[in-house]
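Spelled out, the chains give:
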Amino acid sequence: MNIGFIGAGKVGTAFGKYLSNNHFSVKGYYSRSKKSAERAADFTGSNAYCNINDLTQHSDIIFITTNDDEISRVCKMLINGDLLTQGQILVHMSGASSSRILEGAKERGCFIYSLHPLQAFADIGKAVEDLHHTVFSIEGDCEKIHVLQEILESTGNKYFNISSDQKSIYHAAACVVSNYLVTLMDYGLSLFEAIGINNHDGFKALYPLIEGSLKNIASLGTKEALTGPIARGDVKTIEGHIEAIGDIFLKELDFYKLMGSMTLDLAKSGKLNDRNKAEKMEEILGDRIKIGEKISLPE
Ligand SMILES: NC(=O)c1ccc[n+]([C@@H]2O[C@H](COP(=O)([O-])OP(=O)(O)OC[C@H]3O[C@@H](n4cnc5c(N)ncnc54)[C@H](OP(=O)(O)O)[C@@H]3O)[C@@H](O)[C@H]2O)c1
């Protein structure tokens, strides 16, 4: 099966190289700029196409690896330009959308999919290495889904099969653990900053703690990995936190209480089995302001 890429950016280039390292026939790249297509073609030992029609004619599987906003536009362009052939497989690699954004191509007899790697592609060389242990999700038409599954099976990658309707939840989960983790770090560092510990020193100091928690989650699962005052039922400690944070920023206090409530739910389903302490904790954490009422955006 010949594979072509429209969009010679980080993901298209790294995934193309990974496929070609695994002996798949990567025909080449078409991109908005000739320079990007040539760079990806050089890196993967394939062709740079100046004419998109040449790429589609030579490909059984077409990956649209443009930025998200361009995927449907490119798909429409392929349809309107009559550039698709019956039986071709059209795939995008966005986590945010399902294969439905390629729907129009089905009327041309194509099969449509989204194939999403749970990985951050910042540096192409590193991404090619990281792809060895990347888990994917696959979603789309039943008829030829086995083609994509077989590709991942032969490269040794694990994958989840999900439905189009599940794609947003799947993507939200990925965003929560990656993007919100960054926000969580920023929150902790801002509390440190409020007592005079700068971000650099603060992060270095907190890193072993973060790493230890990640290792505990990996080996024990979330319920058993939970440690600290909420898991132990130390009500007075939590009251002390609330008082101290409330003295600094109200917004930060709300976040603390919201996360505390979620942590309490987790503790109650695992380590915390003292009902009185849990109820007392629920009382002090549940008393939250409505975020929208207190945070006003700049004019
Ligand atoms: N980056 C990540 O961590 C990551 C992770 C998982 C999934 N994804 C998904 O992978 C896809 C690609 O992301 P990326 O990070 O590789 O983006 P990127 O590095 O910005 O690359 C996008 C490429 O698409 C090309 N392009 C844009 N519009 C085009 C058009 N109309 N026709 C042809 N080519 C066009 C650009 O071309 P020129 O360079 O030629 O201007 C650019 O090379 C997205 O759907 C993204 O959601 C990304």
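Just above, that's the structure.
Here's a quick rundown of the structure. (Residues numbered from 1 in each chain as written. Predicted model: local features only at pLDDT ≥ 70, side-chain atom pairs only at ≥ 80, totals over all residues. Heavy atoms only, no water.)

What to know about the packing of aromatic side chains
Thought 1: Overall, the coordinates contain seven aromatic pairs when judged by the stated rule.
Thought 2: Their ring planes at 15 degrees and their centres at 5.0 Å tell us that Phe5 and Phe63 sit as a pair that is stacked. Remark: Phe63 occurs in strand 4 (residues 61-64) and Phe5 occurs in strand 1 (residues 2-6); sequence separation between them is 58 residues. Taken individually, Phe5 and Phe63 each receive the classification buried, so the pair is uniform in this respect.
Thought 3: Seen in terms of ring centroids, Phe203 and Tyr207 are 5.5 Å apart; in terms of plane orientation they differ by 50 degrees. Their pairing is tilted. Within this pair, Phe203 and its partner Tyr207 are both found in helix 8 (residues 199-220), separated by four residues, close to a single helical turn.
Thought 4: Residue class for Phe203 comes out partly exposed when judged on its relative accessible area of 36%. (Phe/Tyr/Trp six-rings, centres within 6.5 Å; stacked < 30°, edge-to-face > 60°. Helix = DSSP H or I, 4+ residues; strand = E, 2+ residues; numbered from the N terminus. Buried < 20%, exposed > 50% of the residue type's maximum accessible area, 1.4 Å probe, protein only.)

Some details on the sheet that holds strand 5 (residues 89-92)
Thought 1: Taken in spatial order, the eight strands line up as 3-2-1-4-5-6-7-8 in an open sheet, and their pairing is mixed. The two strands at the open ends of the sheet, each matched to only one other strand, are strand 3 (47-48) and strand 8 (159-161).
Thought 2: Relative to strand 5, strand 4 runs parallel, the two being bridged by four bridges. In the sheet register, Ile64 faces strand 5, and the bridge partner there is His92.
Thought 3: Packed onto the sheet, helix 4 (residues 68-80) meets strand 1, strand 4 and strand 5 and runs at close to 140 degrees relative to strand 4. (Pairing = 2+ DSSP bridges. Contact = heavy atoms within 4.5 Å. Axes fitted to C-alpha atoms, helices over the stretch in contact; angles between N-to-C directions.)

Observations regarding the packing of helix 7 (residues 167-194) against helix 8
To characterise two packed helices, one gives the angle between the axes of the helices and the distance between these axes.
Thought 1: At a minimum axis separation of 10 Å, helix 7 and helix 8 run at an interaxial angle of 125 degrees. With respect to each other, helix 7 and helix 8 are oriented oblique. Regarding helix 7 and helix 8, the two cross each other, and that crossing is right-handed. Residues Met185, Leu189, Phe192 and Glu193 of helix 7 pack against Asn199, Gly202, Phe203, Leu206 and Ile210 of helix 8.
Thought 2: Class assignment for the residues of the contact of helix 7 with helix 8 results in six nonpolar, two polar and one charged. (Parallel < 35°, antiparallel > 145°, perpendicular 65-115°, else oblique. Left-handed = near helix turned anticlockwise from the far one by under 90°. Nonpolar A, V, L, I, M, F, W, Y, C, P; charged D, E, K, R; others polar.)

So, the site of the ligand
Thought 1: The environment of the ligand is formed by 24 residues, the closest being Val11, Ser33, Ser36, Asp68 and Phe121.
Thought 2: Note that an oxygen atom of the ligand is positioned 3.4 Å from one of the backbone N or O atoms of Ala8.
Thought 3: Taking Phe121, its main chain carries an N or O atom lying 2.7 Å from an oxygen atom of the ligand.
Thought 4: In isolation the ligand exposes 900 Å². Once the protein is present, 80% of that is buried.
Thought 5: Assessed atom by atom at 2 Å from the grid points, the ligand resides in the second largest pocket. (Near = heavy atom within 4 Å. Polar contact = N/O pair within 3.5 Å; in protein donor to acceptor, adjacent residues only side chain to side chain. Areas by Shrake-Rupley, 256 points an atom, 1.4 Å probe, with all protein chains shown as cover. 1 Å grid on protein atoms, 1.4 Å probe; cavity = no way out; pocket = protein on both sides within 12 Å on 5 of 7 lines; lining within 4 Å. Sits in = over half its atoms within 2 Å of the grid points.)

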